[in-house]
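# Observations on the three-dimensional arrangement
Here is what each chain is made of, one letter per residue.
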Amino acid sequence: MSTRTPPDACSDMASLRLQIDHLDRELVALLAERAGYIDRAIALKQANGWPARIPERVEDVVMKARAAAESQGLDPDLIERLWRQLVEWSIAREARVIREE
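Okay, so let's go over this structure. Quantities reported herein were computed from a predicted structural model and do not represent experimental measurements. (Residues numbered from 1 in each chain as written. Predicted model: local features only at pLDDT ≥ 70, side-chain atom pairs only at ≥ 80, totals over all residues. Heavy atoms only, no water.)

### Structural notes on the nonpolar core
Quick note on the threshold: We call a set of buried Ala, Val, Leu, Ile, Met, Phe, Trp, Tyr and Cys residues a nonpolar core when their side-chain atoms join them within 4.5 Å. Between buried and exposed lies partly exposed: a residue is buried under 20% and exposed over 50% of the maximum accessible area for its type, with that area taken using a 1.4 Å probe on protein chains only. Starting at the N terminus, helices and strands are each numbered in turn, a helix being any DSSP run of H or I of at least four residues and a strand any DSSP run of E of at least two. Residue contacts are counted whenever heavy atoms from the two residues lie within 4.5 Å of one another.
Core analysis: the largest hydrophobic core is formed by 9 residues, namely Ile42, Ala52, Val58, Val61, Val62, Val87, Ile91, Ala95 and Ile98. Going through the elements one at a time, helix H2 (55-71) and helix H3 (76-98) are the ones with two or more residues in this core. Among the elements that make up this core, the one with the highest residue count is H3 (4 residues). Discounting residues that sit within four places of it in the chain, Val62 has contacts with Glu80 and Arg84.

Have a look at this one:
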């Protein structure tokens with residue numbers, strides 16, 4: 001990850017937007033990395049005969065994201081909605097390969 005300028009140190013909108021753009025690229029890179037782990041989960045789930053959707057795990061992931069949001073002062077409802085969408089995308093990705101759709 002790159003070194004970022006703290007928000008309070010951005011003296012104008014151009015420098016602030018530059019920092020946001022850098023951060024957005026880092027977030028996308030992290031999501032791509034996460035997708036790699038989802039791809040590995042596909043192989044492991046297939047080897048174990050597990051389904052793409054494991055409801056208990058879905059709730060565990062979402063609740064951990066909510067808790068992380070709360071600890072960072074973010075809106076936990078927003079983070080829950082985002083994570084549910086991310087998890088549903090991940091499950092659909094797994095299901096296409098596991099042949100559950």
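### Re helix H1 (residues 13-48)
The cut-off we apply is this: One fewer than the residue count of a helix, multiplied by 1.5 Å, yields its expected span. N or O atoms within 3.5 Å of each other form a polar contact, as long as, within protein, one can give a hydrogen and the other can take it, and as long as residues adjacent in sequence are counted only when both atoms are side-chain atoms.
Counted at 1.5 Å a residue, the expected span for H1 with its 36 residues is 52 Å, and the 52 Å between its end C-alpha atoms agrees. Of all the residues in H1, the buried ones are Gln19, Glu26, Ala35, Ile38, Ala41, Ile42 and Lys45. Considering only its buried residues, H1 is in contact with H3. With a side-chain oxygen positioned 3.3 Å from the backbone nitrogen of Ala14, the residue opening H1 is Asp12. Positive backbone phi, at 70°, marks Gly49, one or two positions downstream of H1.

### Overview of the environment of Pro51
Looking at the secondary structure, you find Pro51 in the loop between H1 and H2. A residue is classified by how much of its surface remains accessible, and Pro51, at 37% relative accessible area, is partly exposed. Residues Pro51 and Arg81, spaced 30 residues apart in sequence, show a C-alpha to C-alpha distance of 23 Å.

### Re the packing of H1 against H3
We apply this condition: Lines are fitted to the C-alpha atoms to define the axes, a helix being fitted only along its stretch in contact, and any angle between axes, read from their N-to-C directions, falls within 0 to 180 degrees. Note on angle classes: values under 35 degrees are labelled roughly parallel, values over 145 roughly antiparallel, values of 65 to 115 roughly perpendicular, and the remainder oblique. Left-handed describes a crossing in which the near helix is turned anticlockwise from the far one by less than a right angle; the clockwise case is right-handed.
Where H1 meets H3, the axes come as close as 10 Å, and the angle between the chain directions of the two elements is 40°. Accordingly, the angle class assigned to the pair H1 and H3 is oblique. Our pair here, H1 against H3, has a crossing hand that is right-handed. Residues Leu31, Arg34, Ala35, Ile38, Asp39, Ala41, Ile42, Lys45 and Gln46 of H1 touch H3, and the partners they reach there are Leu86, Val87, Trp89, Ser90, Arg93, Glu94, Val97 and Ile98.

### Points about the pattern of salt bridges
Applied cut-off: Here a salt bridge means any side-chain nitrogen of Lys or Arg lying within 4 Å of a carboxyl oxygen belonging to Asp or Glu.
Taken as a whole and judged by the stated rule, the model has 11 salt bridges. In this structure, the salt-bridge partner of Asp39 is Arg93, at a minimum N-O distance of 2.7 Å. Of this pair, Asp39 sits in helix H1 while Arg93 sits in helix H3, and the two are 54 residues apart along the sequence. For Arg93, a relative accessible area of 23% puts it in the partly exposed group. As a salt-bridge pair, Asp60 and Arg57 come within 3.0 Å of each other at their nearest N and O atoms. Taken together, the residues Asp60 and Arg57, both in helix H2 and 3 residues apart, mark about one turn of the helix. Residue classification places Arg57 among the partly exposed residues on the basis of a relative accessible area of 47%. Three or more residues are tied together by salt bridges with common partners; here these are Glu59, Arg66, Glu70, Asp77, Glu80 and Arg84.

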